[in-house]
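Structural overview
In case you want the letters, here they are:
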Amino acid sequence: MPASPWPAIDGIAYGGDYNPEQWPRDVWPEDVRLMREAGVNLVSVGIFSWALIEVSENVFDFGWLDEILGLLHEGGIAVDLGTPTASPPAWFFAAHPDARAVNRDGVPMGFGSRGMASHSHPAYLDAATRIADALAARYAEHPAVVMWHVHNEYGVPVGEDYSPASVAAWRAWLRTRYGSLDGLNSAWGTAFWGQHYVDWEHVGAPATAPSTLNPAQKLDWARFTDDRLRACFVAERDAIRAHSDLPVTTNFMANQHTGTDLWAWAREVDIVSDDHYLWAADEEGEIGLAIAADLSRSVGGGKPWILMEHSTSAVNWQPRNIAKRPGEMARNSLSHFARGADGILFFQWRAGRSGAEKFHSAMLPHAGADSRVFREVVDLGATLGRLGEVRGSSVPAEVAILWDFESFWAQDLEWRPSEDLSHGERIRAYYEALWREGITVDFALPGHDLSGYKLVIAPAQYLLRQADADNLNAYVAAGGTLVVSYFSAVVDENDAVHAGGFAAPLRPALGIRVEEHLPLREGVTTTVRFGDDDLTADVWHEHLVLAGAQTRGSYVDGPGAGMPAVTRNAHGAGVGWYVSTRPDAAGLRTILDEVLADAGVALPGIPAGLEVVRRRGADADYVFAINHAASDLSLDLTGTDLISGSDAAGSLTVRAGDVAVVRTQRAASGGGR
């Protein structure tokens, strides 16, 4: 492990991905000068530079890298030094054409884009660890280098690999997992469609087939792919650790929902780092941003993390790449900071003139230093310089939302009851309802220790292991409040329906039986009577039978007419709620108002459009108030705004589009983490 879990940088880390190799040497001193003007103190270097460092197999040229690291160090700018293994050079593929990744249709992926080679090919693994070892051996003691950055965005764009090397590794992985073909046949349910195996060599990858494939096989393939990618990271990380005790990371993609299990990955890195880019089609991208930030903090166990990449303005790879308007970059950055990111970095420092990302925004745009974007970059650097005392503080939460990548992989397989079943949509719906109320959440796995949370929500827990169900039942029995949404606890870890039927493992906590799924036709809406309110719902009904629970809402019409729709069950000292349909946003808030009261979670009472997050320091709290609205908004608060230096005495006014970070008296702990 590293000597310190955080890079040796004063204050908040600020900077971005720097690609000096794309520019003439006479530009480099100007870059350093402008970085200093902007308050930059950390840049990532070398992430896509394999071909310029190892110019042919085992022949290295470090001259240009020596020079730029020296210039950055002289300028007081620290370096997150990358291993460039996300993009092997042309000479590698010429020497090892069979090391190319192969897609599901059996087509080898060609050179000229980005993306790693086959994650299981020995030549790639040897070459990747060789260059990681060479870089660490040369720069472990370099005064500019404060941390290591392995690879780039594992799983994007290359995750699955159907090459012969991968299939051989897959069979070895299955032997280790199941021990015997009998174990594999049992787990995969191969009696169905005559898929029984009698020889390991007959077990192939789930490549293109005449019809849908065995879902248990595909689920294991997702696990295998994630495991192989992580093994590549571990091999490079360990090569670095042979020379250096500086922290090692790799950049996650928390908002992409890729085939990487970030809970497992977070256990392997010294610091969680994430790349986040707004989805332009999302008109309230600040909510999706908050989800990704809270997930990044959560997978890291609540410790400070680094926003390794985001954009100053538009990206270049979405159907419509919307530019950020004045102040939006600062709001985005400070929302990540509010949710635990003690490093704020961008892709990239200087906008590139050539290549596929020349229309991607940068800290120093094509318009140069005399531009709105660069002036905002300078202003943000100055703002972060005033917020150094916040570094290292935690983000408390009383509510947890379950986020289980394996369950998502399973739910996304073919032939589900409705194409409208979306784990991303359900998590966003529940999260958004809490976000609008100003309630901060952690994310968690169903097997985690949940005792510190007043409320746990399972919006999309399609796959649920029995041991994890036991944990949730025990959480409720001990006094917790649990909310479970529809199409949850349906299958076990092998995508087999639970003995006892749908949701059976959670029957103690929920007090219901799900007899049948009743999906709705496209565009159909129905009504749920909840107390004195009529709620609008769509997509889904279920035939529920009470097994101890009480009905809190009933279907007025639709296939579930007259049946329970929302139930509440007392179990031990706690309560389990079940919501068997998809209420609209207003209806979900109505249900959650009662749930939050059940759980003893107080509503902060903040105005619409104001995002409020609290970080907890050793001697003070820091309240972030981010105004996403077009008008000024006020918040009941007393303290000192660290950005403006002004005092708030009972009331704080945050101007439209602005941000305040108020040091205030330490709040009494209200539970949570």
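Look up: the structure comes first, before these words.
Criteria and thresholds
Residues numbered from 1 in each chain as written. Predicted model: local features only at pLDDT ≥ 70, side-chain atom pairs only at ≥ 80, totals over all residues. Heavy atoms only, no water. Helix = DSSP H or I, 4+ residues; strand = E, 2+ residues; numbered from the N terminus. Expected span 1.5 Å × (residues − 1). Buried < 20%, exposed > 50% of the residue type's maximum accessible area, 1.4 Å probe, protein only. Pairing = 2+ DSSP bridges. Contact = heavy atoms within 4.5 Å. Axes fitted to C-alpha atoms, helices over the stretch in contact; angles between N-to-C directions. Salt bridge = Lys/Arg side-chain N within 4 Å of Asp/Glu carboxyl O. Phe/Tyr/Trp six-rings, centres within 6.5 Å; stacked < 30°, edge-to-face > 60°. Lys NZ or Arg CZ within 6 Å of the ring centre and 35° of its normal. Right-handed = clockwise from strand over helix to strand, strands pointing away. Parallel < 35°, antiparallel > 145°, perpendicular 65-115°, else oblique. Left-handed = near helix turned anticlockwise from the far one by under 90°. Nonpolar A, V, L, I, M, F, W, Y, C, P; charged D, E, K, R; others polar. Core = buried A, V, L, I, M, F, W, Y, C linked by side-chain atoms within 4.5 Å.

Between its terminal C-alpha atoms helix 10 (residues 285–299) stretches 21 Å, which fits the 21 Å expected from 15 residues at 1.5 Å a residue. Counting buried positions along helix 10 yields 15 of 15 residues, so the element is predominantly enclosed. Gly301 sits one or two residues past helix 10 and shows a positive phi near 75°.

One open sheet holds the nine strands; their spatial order is 7-6-5-2-1-11-10-9-8, and the pairing between them is parallel. Only two strands of the sheet have a single partner each, and these edge strands are strand 7 (248–249) and strand 8 (251–252). For strand 1 (residues 13–18) and strand 2 (residues 42–45), the ladder comprises four bridges, and the chain directions are parallel. When the sheet's bridge partners are listed, Gly15 is paired in strand 2 with Leu42. Sitting on the sheet, helix 8 (residues 215–241) touches strand 5 (78–83), strand 6 (145–150) and strand 7, and the angle it makes with strand 6 is about 155°.

So, about the pattern of salt bridges. Within the structure shown, the criterion is met by 42 salt bridges. The closest approach of N and O atoms between Arg25 and Glu67, which form a salt bridge, is 2.7 Å. Note that Arg25 is positioned in the loop between strand 1 and helix 1 (28–38) and Glu67 in helix 3 (residues 63–74), a separation of 42 residues in sequence. Look at Glu67 and you get partly exposed, because its relative accessible area is 34%. Where Asp220 meets Arg223, a salt bridge forms, and the shortest distance between an N and an O atom there is 3.0 Å. Of the two residues, Asp220 and Arg223 both sit in helix 8, three residues apart, roughly one turn of that helix. The same class applies to Asp220 as to Arg223, namely buried. Taken together, the shared-partner salt bridges connect Arg177, Asp220, Arg223, Glu406 and Arg465 into one network.

Here we come to the packing of aromatic side chains. A full pass over the atoms with the stated rule returns 33 aromatic pairs. Where Phe92 meets Phe93, the ring centres are 5.4 Å apart and the plane angle is 80°; that geometry is what we call edge-to-face. In this structure, Phe92 and Phe93 share a single accessibility class: buried. Judged by centre distance (6.1 Å) and plane angle (75°), the rings of Trp188 and Tyr197 are edge-to-face. For Trp188, a relative accessible area of 5% translates into the label buried. By relative accessible area, Tyr197 is classed as buried at 16%. Looking at Arg350, its charged tip hangs above the ring of Trp23, at a distance of 5.1 Å from the centre. Here the guanidinium or amino end of Arg552 rests over the ring plane of Phe530, the centre of that ring lying 5.0 Å away.

Now for the pairing of strand 14 (residues 455–458). Burial along strand 14 is two-sided: Leu455 and Ile457 and Val456 and Ala458, pointing in opposite directions, are all buried. Sheet topology note: the strand 12 (residues 399–402)/strand 14 ladder contains three bridges and is parallel. Looking at strand 14, one finds that Ala400 is bridged to Val456. Strand direction decides the pairing type here: strand 14 and strand 15 (residues 481–485), joined by four bridges, are parallel. Bridge assignment links Leu455 to a residue of strand 15, and that residue is Thr481. Once you follow strand 14 into helix 15 (residues 466–477) and on to strand 15, the crossover reads as right-handed.

Here helix 1 crosses helix 3 at 30°, and the two axes come no closer than 10 Å. As the angle between them shows, helix 1 and helix 3 are arranged roughly parallel. Classified by chirality, the crossing of helix 3 by helix 1 is right-handed. Touching Trp28, Val32 and Met35 of helix 1 are Trp64, Glu67, Ile68, Leu71 and Leu72, all from helix 3. Across the contact of helix 1 with helix 3, the residue classes break down as seven nonpolar, no polar and one charged.

Further remarks concern the nonpolar core. Leu65 and Leu72 are the most contacted members of the largest nonpolar core, which totals 172 residues. Looking at this core element by element, the count peaks at ten residues for helix 5 (residues 122–139). Apart from the residues within four sequence positions on either side, Leu65 is in contact with Val45, Ile53, Leu81, Leu135 and Tyr139. Residues Ala169, Trp173, Trp188 and Ala205 belong to the second largest nonpolar core, which totals 19 residues.

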